[in-house]
Amino acid sequence: MGPTQRGPQPIGGGGEVGVWASQDDGKTWALEREVTRNSQRNHNYVRRPVPAHPEFAAFWADGDPDKFSASRLYFCNRTGEQVWQLPETMRDEYERPERVYGR
């Protein structure tokens with residue numbers, strides 16, 4: 001899982017996040033799922049939390065690599081089918097994330 005797809009800022013770092021799989025020990029790879037799409041800013045710095053619950057598989061940030069911009073934090077389940085965005089402003093000790101992709 002990583003920012004391997006062309007993003008809205010094609011020259012800067014990052015892009016849209018995709019899940020890739022190999023059936024031949026890494027000789028060839030196929031895109032299994034687009035995790036993000038039609039984003040306003042490139043996604044980057046995808047990390048796998050260890051140790052973590054199996055359904056908390058990755059977290060990352062977005063931003064415009066070409067200029068100073070807002071940045072949001074995201075996390076997803078292991079298949080990349082469901083993605084949540086953390087609130088930009090935390091008003092209480094616990095805030096509910098917003099689902100931005102998936103059912």
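Basis of the calculations
Residues numbered from 1 in each chain as written. Predicted model: local features only at pLDDT ≥ 70, side-chain atom pairs only at ≥ 80, totals over all residues. Heavy atoms only, no water. Helix = DSSP H or I, 4+ residues; strand = E, 2+ residues; numbered from the N terminus. Buried < 20%, exposed > 50% of the residue type's maximum accessible area, 1.4 Å probe, protein only. Contact = heavy atoms within 4.5 Å. Areas by Shrake-Rupley, 256 points an atom, 1.4 Å probe, with all protein chains shown as cover. Phe/Tyr/Trp six-rings, centres within 6.5 Å; stacked < 30°, edge-to-face > 60°. Core = buried A, V, L, I, M, F, W, Y, C linked by side-chain atoms within 4.5 Å. Polar contact = N/O pair within 3.5 Å; in protein donor to acceptor, adjacent residues only side chain to side chain. Pairing = 2+ DSSP bridges. Axes fitted to C-alpha atoms, helices over the stretch in contact; angles between N-to-C directions.

Undergrad: Looking at this structure, I do not really get the overall build of the chain. What am I missing?
TA: Secondary structure summary: the chain contains 0 helices and 8 strands in total. Secondary structure of the chain in N-to-C order comes out as β-β-β-β-β-β-β-β. Dimensions of the chain along its principal axes, counting C-alpha atoms only, are 50 × 35 × 25 Å. The buried share of the chain, taken over its 103 residues, is 34%. For the chain, contacts bridging at least 24 residues in sequence account for 29% of all contacts bridging at least 6. Carbon and sulfur atoms provide 48% of the accessible area of the chain, an area that totals close to 7,300 Å².

Undergrad: Sorry, what's going on with the packing of aromatic side chains here?
TA: Geometry of an aromatic ring pair is reported as the spacing of the ring centres plus the angle between the planes. According to the stated counting rule, one finds 4 aromatic pairs in the structure shown. Centroid distance Phe75 to Trp84: 5.3 Å. Interplanar angle 15 degrees. Geometry classified as stacked. One aromatic cluster is present, formed by Phe56, Phe59, Phe75 and Trp84 through successive ring pairs.

Undergrad: Any chance you could explain the nonpolar core here in plain terms?
TA: What tends to happen in soluble globular proteins is that the nonpolar side chains get buried as a cluster. In this structure, Val17, Val19, Val35, Val46, Ala58, Trp60, Tyr74, Cys76, Val83 and Tyr101 together form the largest nonpolar core, which totals 10 residues. Taken together, the elements giving at least two residues each to this core come down to β2 (16–21), β5 (58–63) and β6 (73–76).

Undergrad: What should I look at first to understand the side chain of Asn42 in this one?
TA: Tracing the sequence through the fold places Asn42 in strand β4 (residues 42–47). According to the relative accessible area criterion, Asn42 is buried, its value standing at 2%. Within the structure, Asn42 has its side chain in polar contact with the backbone oxygen of Gln9 (distance 2.8 Å).

Undergrad: Explain the sheet that holds β5 to me, please; I cannot follow it from the model alone.
TA: Neighbouring strands of a sheet are bound in pairs by backbone hydrogen bonds; such pairs are parallel or else antiparallel. Strand order in the open sheet formed by 5 strands is β4-β5-β6-β7-β8, with antiparallel pairing between adjacent strands. At either end of the open sheet lies a strand with only one pairing partner, and these are β4 and β8 (98–101). Going across the sheet, the axis of each strand differs from the next one's by a mean of 35 degrees, ignoring polarity. Where β5 lies against β6, 4 bridges are found, and the strand directions are antiparallel. Of the residues in β6, the one forming a bridge with Phe59 is Phe75.

Scope: geometric values only; no functional claims are made or implied.
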